[in-house]
Amino acid sequence: QVQLVESGGGLVQPGGSLRLSCAASGSIFSAYTMGWYRQAPGKQRELVARISSGGVTNYADSVKGRFTVSRDNGKKMVYLQMNSLKSEDTAVYYCNAVLSVAPIATAWPWGQGTQVTVSS
């Protein structure tokens, strides 16, 4: 069973930056498209960025131009560089393997997530 561990969240002022990391166990990591999801209080979980096994990226309109997703298959890591953060980016961020974009379907159990709070 693959386990996911997200890290790198924190409190940041509007306009600031954070880099999130996701560590995955398991030997099949490199075969999957990996996604970064977020869930704000009272809202549904949404997919904000994804990267294919070959490195093709896709972003939600709300983060396009501000967030960058990357991966290191050798280290079984996925990263999310978040710049120009806004208060509406406040959420718990998760990573997972993407099986379906809409509706959301993922391959593995969710990790604990990492809290991102954007506030002055």
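Rules and cut-offs
- Residues numbered from 1 in each chain as written.
- Predicted model: local features only at pLDDT ≥ 70, side-chain atom pairs only at ≥ 80, totals over all residues.
- Heavy atoms only, no water.
- Disulfide = S-S within 2.5 Å.
- Helix = DSSP H or I, 4+ residues; strand = E, 2+ residues; numbered from the N terminus.
- Pairing = 2+ DSSP bridges.
- Axes fitted to C-alpha atoms, helices over the stretch in contact; angles between N-to-C directions.
- Salt bridge = Lys/Arg side-chain N within 4 Å of Asp/Glu carboxyl O.
- Buried < 20%, exposed > 50% of the residue type's maximum accessible area, 1.4 Å probe, protein only.

What should I look at first to understand the state of the cysteines in this one?
Enumeration according to the criterion identifies 1 disulfide in this entry. Residue pairing for Cys 22: its cysteine sulfur links by disulfide to Cys 95, the two sulfurs lying 1.8 Å apart. Around the S-S axis, the bridge from Cys 22 to Cys 95 shows a dihedral of about 50 degrees and counts as right-handed. Of this pair, Cys 22 sits in strand S3 (residues 18–24) while Cys 95 sits in strand S9 (residues 91–100), and the two are 73 residues apart along the sequence.

I keep staring at the sheet that holds strand S7 (residues 67–72) and nothing clicks. Help me out?
Either a parallel or an antiparallel arrangement is found when strands of a sheet pair, and the pairing is made through backbone hydrogen bonds. With antiparallel pairing, 4 strands are arranged side by side in an open sheet as S1-S3-S8-S7. Each having just a single partner strand, strand S1 (4–7) and S7 make up the two edges of the open sheet. With strand direction ignored, the average angle separating the axes of adjacent strands in the sheet is 15 degrees. Note that S3 and strand S8 (residues 77–82) share 6 bridges and pair antiparallel.

Teacher, can you tell me more about the pattern of salt bridges here?
Pairing between side chains of opposite charge can happen when the charged atoms of each approach one another. A full pass over the atoms with the stated rule returns 4 salt bridges. Arg 38 is paired through a salt bridge with Glu 46; the nearest N and O atoms lie 2.8 Å apart. Here Glu 46 falls in the partly exposed class, since its relative accessible area comes to 32%. The partner of Asp 89 in a salt bridge is Arg 66, with the nearest N and O atoms 2.7 Å apart. Linking Asp 89 in the loop between S8 and S9 with Arg 66 in the loop between strand S6 (57–59) and S7, this pair joins segments that are 23 residues apart in sequence.

Whenever I open this one, the pairing of strand S5 (residues 46–51) confuses me. Can you help?
Side-chain direction in a regular strand flips from residue to residue, so the side chains alternate between the two faces of the sheet. Here strand S4 (residues 34–39) pairs with S5 via 5 bridges, running antiparallel. Bridge assignment links Trp 36 to a residue of S5, and that residue is Ala 49. Hairpin connection between S4 and S5: a loop of 6 residues separates the two successive antiparallel strands, and Gly 42 in this loop has a positive phi of roughly 80 degrees. By the bridge criterion, 3 bridges tie S5 to S6 in an arrangement that is antiparallel. Residue pairing across strands places Arg 50 opposite Asn 58, the latter belonging to S6.

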